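Next come the chains, spelled out residue by residue.
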Amino acid sequence: MYYLHGDVILDGKIVRGQFVEIVDGLITYVGELKRQDYPVDEVENGYICPGFVDIHIHGVDGVDLSDDQMGVFEEIAVRLPKYGVTAFLATSRTSSKKDLVRFLGTASRYRDKNGRAARLLGTHIEGPWISKKYKGAQPEEYIRRLSWEDVDEIIDPYKDVVKKVTIAPEELDDYTIISCLARCGIQVSAGHTNASLDDIGRAMEYGLNQLTHTFNAMSMLHHREPGVVAAALYYSELICELITDGLHVHPKVIELLYRVKGKKGVALISDCTGYNDLEDGEYFLRNKHLVKKENKVTLKSGNLAGSALTLDKGVGYVVNECGIPLEDAVYMATQTPLEAIRENDRLGRIDVGYKADIVILDEKLEVERTIINGEIVFERGQSLWGLEE
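No experiment lies behind these values; they were computed from the predicted model shown.

Sorry if this is basic, but what is going on with a negative patch on the surface here?
A cluster of acidic residues, D277, E279, D280 and E294, forms a negative patch on the protein surface. By secondary structure assignment, the location of E294 is in the loop between β17 (288–293) and β18 (296–299).

This is the structure we're talking about:
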């Protein structure tokens, strides 16, 4: 039982000089007065924020979820608080049916074992049900249309852990698949897709509600043949994932999307492929020839191969380079992602009754400390819980 005291980012606003009371892993009071004789942890020259939520991440610090072992899930969950992430969706890659089922099974078993680590909220299946034209770095040999057989044999047995599926809707033979998934609480996103604006509009009628890494691996904005990017700007209700490293999307285009959609329409993601800690150079990893230069990871062809971004850096980037207010950037890394996956388990806000999942940023917007269930799980300068650094 203790208080945090300082400037709090509270439901999209910065509120100065607040006491945040934490009891048994929950936030029990937020206000200007100290109610109880609990110890006070002063946060000076920084901000008390809700923990970040990454709904599109493949790996971090050289560890990749496609390695698909229980220990990999655990290690990634333990490492994420270093970047302010307190909850995430484990995101798959395009792979064989056997490997995808194995990935989902591992996620299902791990989800009940969360401890002092980022919460696994579920999984995000990114491929194989995408367009070959916009496959990006996904292996073409596994790409196929989403069928009812796939729903029955892959998704349905793991519907308790599948929270989100990325598809190319124009490849569907039967759009009612989307409504079937939506009824099961699985959110459907368009990504790696050559859909037209009208294709997206039709898919939305069946329940599609978001776009995967907007602007990347999708049909563009053309004044006579509008594609998915046009749909992002046209349909106000679409939530748009966005990689904010300045490489995947130009900073002024990031700002443009924010101006059009607002904080409730943009979900910041990392799409981190686990290569954030690689030195510059060439690598052959997971059957791909990769080139790392600073924050950029590409195939030898020059195509981007995911990102080397972490979500804390993405928040800092939009504030420092795109002129987006900090309180809105934090909203886009907390409440909007949770809304995108319809997660309402008292996460993503500094408010009474919510879980005490908190990240403390310093004045440079770097992660100083991360708290999950009221316990400090990361503190700058200290070893990560359970891992040697």
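Help me understand the packing of aromatic side chains, please; the structure alone is not making it clear to me.
Given two aromatic rings, their pairing is described by the distance between the two centres and the angle made by the two planes. For the coordinates displayed, the defined rule picks out 6 aromatic pairs. Taken together, a centroid distance of 5.7 Å and an interplanar angle of 45 degrees make the contact between F73 and F103 tilted. Linking F73 in helix α1 (residues 70–79) with F103 in helix α2 (residues 97–111), this pair joins segments that are 30 residues apart in sequence. In textbook terms, an aromatic cluster arises when at least three aromatic residues are bridged by ring pairs, as seen for Y3, F19 and Y38. Its end group placed over the ring of Y175, R202 keeps NZ or CZ at 3.9 Å from the ring centre. If you follow K263 out to its NZ or CZ, it ends over the ring of Y331, 4.7 Å from the centre.

Explain the environment of V53 to me, please; I cannot follow it from the model alone.
Take V53: it is sitting in strand β6 (residues 52–57). Residue class for V53 comes out buried when judged on its relative accessible area of 2%. Each C-alpha atom of the pair V53 and N373 lies 15 Å from the other, and the pair is 320 residues apart in sequence. In this view, V53 contacts A87, L121, L268, L311, A333, T334, P337 and L338; residues no more than four positions away in its chain are not counted.

Conventions used here
- Residues numbered from 1 in each chain as written.
- Predicted model: local features only at pLDDT ≥ 70, side-chain atom pairs only at ≥ 80, totals over all residues.
- Heavy atoms only, no water.
- Patch = residues over 30% accessible without salt bridge, like charges linked within 9 Å, V, L, I, M, F, W, Y side chains within 5 Å.
- Areas by Shrake-Rupley, 256 points an atom, 1.4 Å probe, with all protein chains shown as cover.
- Salt bridge = Lys/Arg side-chain N within 4 Å of Asp/Glu carboxyl O.
- Lys, Arg positive; Asp, Glu negative; His and termini not counted.
- Charge placed at Lys NZ, Arg CZ, Asp CG, Glu CD.
- Helix = DSSP H or I, 4+ residues; strand = E, 2+ residues; numbered from the N terminus.
- Phe/Tyr/Trp six-rings, centres within 6.5 Å; stacked < 30°, edge-to-face > 60°.
- Lys NZ or Arg CZ within 6 Å of the ring centre and 35° of its normal.
- Buried < 20%, exposed > 50% of the residue type's maximum accessible area, 1.4 Å probe, protein only.
- Contact = heavy atoms within 4.5 Å.

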